[in-house]
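# Residue-level structure breakdown
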Amino acid sequence: MPSYAFFHNQFVPLSEARIGVMTQALHYGTGVFEGIRGNWNSEQKQTYLFRLEEHYDRLLNGCRLLKISLPYTTSELCQLTIELVARCKFQEDIYVRPLAYKSTESLGVRLHGLDDDFLAFVIPWGPYLDVDKAKVGVSSWRRPDDNVIPPQVKLTGLYVNNALAKTEAIENGYDEAIMLTPDGHVSEGTGENIFLVTGGRLVTPASYNNILMGITRDTVIKLAQNELGIEVIERQVDRSELYTAEECFFTGTAAHITPVAEIDHRKIGNGEIGKITGSLQEIYSRVIRGKHPKYLDWGTPAYKK
Ligand code: PMP
């Protein structure tokens, strides 16, 4: 099935969306991206785009930071994404990748005085961490502070940090990395936020721990509180707390909720999927596919009935 892109303000086959070698963003990482899931509901033959507006609000925050001005509002970005996904007609889980970037074809490190552009494309994409439970290692690469490169938005240049940590983890035999802050506290995975279960409560690093404020993180916080009645605490987390947690899992648009079985060769709990993690996975999988009546507002149907 051919995929499409929104590129230079029109819909084109993905294979025709090409940028020039001198594009400023390619050289200096001056772009901001998002990752949005379309979750396939086979009974309804429908794809639900999950928390679409929130993703574009975050993208537009990144644009402010990078002095990128787009000629689209959040609601226009949502509309063109629905149209793009509808054109592709995939009948499986998909991933939408929007990118706003400095498009001028000239060299020179800066943000000012450059043209901006926006593109988006769709690909079919199953689970990101292709394991039912992950073995992870604490990275030797630290997550930068907000005044180094702000981690609150998805800046393309920032992801060199994530790529260094991810490849180190894979080469060391792990599935994923956990990055610490410069002062040694737990921050996040390379494409996921992290949660621990301790004393029956959920604990997750706070905004001041150099994390991306994940939309899946927010979803899990709300589902834990509202559906399971579990207390959630956002706070600074020590490295050693990772090893003594009862349960641990990652959250992310691409990774969904991925249980963590082992950290630095230490089993978490009994090394199996924990009770709270499993319950959250079960509720979350219904929520993202438009199967949970209370949370239908979070899903935007892409296909016309
Ligand atoms: N942290 C990082 C570094 C990420 O790249 C992602 C994926 N966007 C997340 C956390 C999870 O964020 P979200 O749930 O909004 O996808």
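Scope of this entry: the structure provided in the associated data block. Here the structure is a predicted model, which is why all the values come from computation and not from measurement. (Residues numbered from 1 in each chain as written. Predicted model: local features only at pLDDT ≥ 70, side-chain atom pairs only at ≥ 80, totals over all residues. Heavy atoms only, no water.)

## Some points on the overall build of the protein chain
Our working rule: We count a stretch as a helix when DSSP gives it H or I for four or more residues in a row; a strand needs E for two or more, and each element gets its number in order from the N terminus. For this measure, only C-alpha atoms enter the radius of gyration; the expected value for a globule follows 2.2 Å times N^0.38, where N is the number of residues. Residue exposure (1.4 Å probe, protein chains only): buried if accessible area is under 20% of the type maximum, exposed if over 50%, otherwise partly exposed. Here the positive residues are Lys and Arg and the negative ones are Asp and Glu; neither His nor the chain ends is included. All charge positions are set by atom: Lys at NZ, Arg at CZ, Asp at CG, Glu at CD.
Secondary structure summary: the protein chain contains seven helices and 17 strands in total. By the compact-globule yardstick of 19 Å for 305 residues, the protein chain fits well, its C-alpha radius of gyration being 19 Å. Counting only C-alpha atoms, the protein chain reaches 50 × 50 × 30 Å along its principal axes. Considering the protein chain as a whole, with its 305 residues, one finds that 54% of them fall into the buried category. For the protein chain, the distance from the average position of its 32 positive side-chain charges to the average position of its 38 negative side-chain charges is 2 Å.

## What about the layout of surface pockets?
In this approach the atoms are scanned with a rolling probe the size of a water molecule, which exposes any empty space left behind. Note the cut-off: Only protein atoms enter the calculation, which uses a 1 Å grid: trapped sets of points that fit a 1.4 Å probe without letting it out are cavities, open sets showing protein on both sides within 12 Å along at least five of seven lines are pockets, and any residue with an atom within 4 Å of a point is a lining residue. Grid points are joined across faces, edges and corners, and a volume is the space filled by probe spheres set on the points. Residues are grouped as follows: Ala, Val, Leu, Ile, Met, Phe, Trp, Tyr, Cys and Pro are nonpolar; Asp, Glu, Lys and Arg are charged; every other residue, Gly included, is polar.
In this structure, the largest pocket spans a volume of roughly 420 Å³. Put simply, the parts of the chain that give the lining of the largest pocket at least two residues each are helix 2 (52–65), strand 6 (94–102), helix 4 (159–171), strand 10 (186–189), helix 5 (215–228) and strand 14 (247–252). The dominant element in the lining of the largest pocket, judged by the number of residues it contributes, is helix 4, at four residues. The residue makeup of the lining of the largest pocket, split by class, is nine nonpolar, twelve polar and seven charged. Put simply, the second largest pocket is a space of about 240 Å³. Lining the second largest pocket are 14 residues, and of these Ile19, Leu99, Tyr101, Leu119 and Phe121 sit closest to its centre. Mapped by element, the contributors of at least two residues to the lining of the second largest pocket are strand 1 (4–7), helix 1 (24–28), strand 6 and strand 7 (116–124).

## Brief notes about the packing of aromatic side chains
Where two aromatic rings form a pair, the distance of their centres and the angle of their planes describe that pair. Note the threshold: What counts as a ring pair is set by centres within 6.5 Å for rings of Phe, Tyr and Trp (its six-membered ring), and what kind of pair is set by the plane angle: stacked under 30 degrees, edge-to-face over 60, tilted for all other angles. Two thresholds decide whether a charge sits over a ring: the Lys NZ or Arg CZ must be within 6 Å of the ring centre and within 35 degrees of the ring normal.
Across all of its chains, the model carries 13 aromatic pairs by this definition. Ring centres 6.2 Å apart and planes at 55° place the aromatic pair phenylalanine 6 and phenylalanine 118 in the tilted group. In this pair, phenylalanine 6 sits in strand 1 while phenylalanine 118 sits in strand 7, placing the two residues 112 residues apart along the sequence. Side by side, phenylalanine 6 and phenylalanine 118 carry an identical accessibility label, which is buried. Grouping aromatic residues by their ring pairs yields a cluster made of Phe6, Phe11, Tyr56, Tyr72 and Phe118. The ring of tyrosine 243 is capped by arginine 266, whose NZ or CZ atom sits 4.4 Å from the centre of that ring.

## A few points about the nonpolar core
Using the following cut-off: Residues belong to a common nonpolar core when they are buried Ala, Val, Leu, Ile, Met, Phe, Trp, Tyr or Cys residues joined through side-chain atoms within 4.5 Å.
If you look at the biggest cluster of nonpolar residues, it comprises 35 residues, and the most contacted ones within it are Leu70 and Phe118. With seven residues, helix 3 (residues 74–88) is the largest single contributor of residues to this core. By size, the runner-up hydrophobic cluster in this structure holds 20 residues, among which are Ala224, Val232, Tyr295 and Trp298.

## Here we look at the packing of helix 5 against helix 7 (residues 275–288)
For clarity, the threshold we go by: Note on method: axes are straight lines fitted to C-alpha atoms, helices fitted across the in-contact stretch only, with angles between N-to-C directions ranging 0 to 180 degrees. Here roughly perpendicular refers to angles of 65 to 115 degrees, roughly parallel to angles under 35, roughly antiparallel to angles over 145, and oblique to all remaining angles. Here, two residues are considered to be in contact whenever any of their heavy atoms come within 4.5 Å of each other.
Packing of helix 5 against helix 7 brings their axes to within 10 Å, and their N-to-C directions diverge by 110°. Here helix 5 is positioned roughly perpendicular relative to helix 7, judged by the angle of their axes. Residues Thr216, Thr219, Val220, Leu223, Ala224, Glu227 and Leu228 of helix 5 touch helix 7, and the partners they reach there are Ile276, Ser279, Leu280, Ile283, Tyr284 and Val287. Partitioning the contact of helix 5 with helix 7 into residue classes produces nine nonpolar, three polar and one charged.

## As for the site of the ligand
Convention followed: Put simply, a residue is near a molecule or strand once any heavy atom of it comes within 4 Å of that molecule or strand. Distance and chemistry together define a polar contact, namely a pair of N or O atoms within 3.5 Å, with one atom able to donate a hydrogen and the other to accept it when in protein, and with adjacent residues in sequence counting only for side-chain atoms on both sides. Each accessible area value is a Shrake-Rupley result obtained with a 1.4 Å probe; residue values ignore everything except the protein chains displayed when judging cover. Criterion for pocket placement: a molecule counts as inside a cavity or pocket if more than half of its atoms are within 2 Å of its grid points.
Residues in close proximity to the ligand total 17 residues, the closest being Lys154, Tyr159, Ile215, Thr216 and Thr253. Separating a nitrogen atom of the ligand from a side-chain N or O atom of lysine 154 is a distance of 2.6 Å. Contact between the ligand and tyrosine 159: an oxygen atom at 2.5 Å from a side-chain N or O atom of the residue. The protein chains hide 97% of the 390 Å² of surface that the ligand would expose on its own. According to the grid-proximity analysis, the pocket containing the ligand is the largest pocket. Going through the elements one at a time, helix 4, helix 5 and strand 14 are the ones with two or more residues in the shell around the ligand. Partitioning the shell around the ligand into residue classes produces three nonpolar, nine polar and five charged.

In short, shape yes, function no, at least from these values alone.
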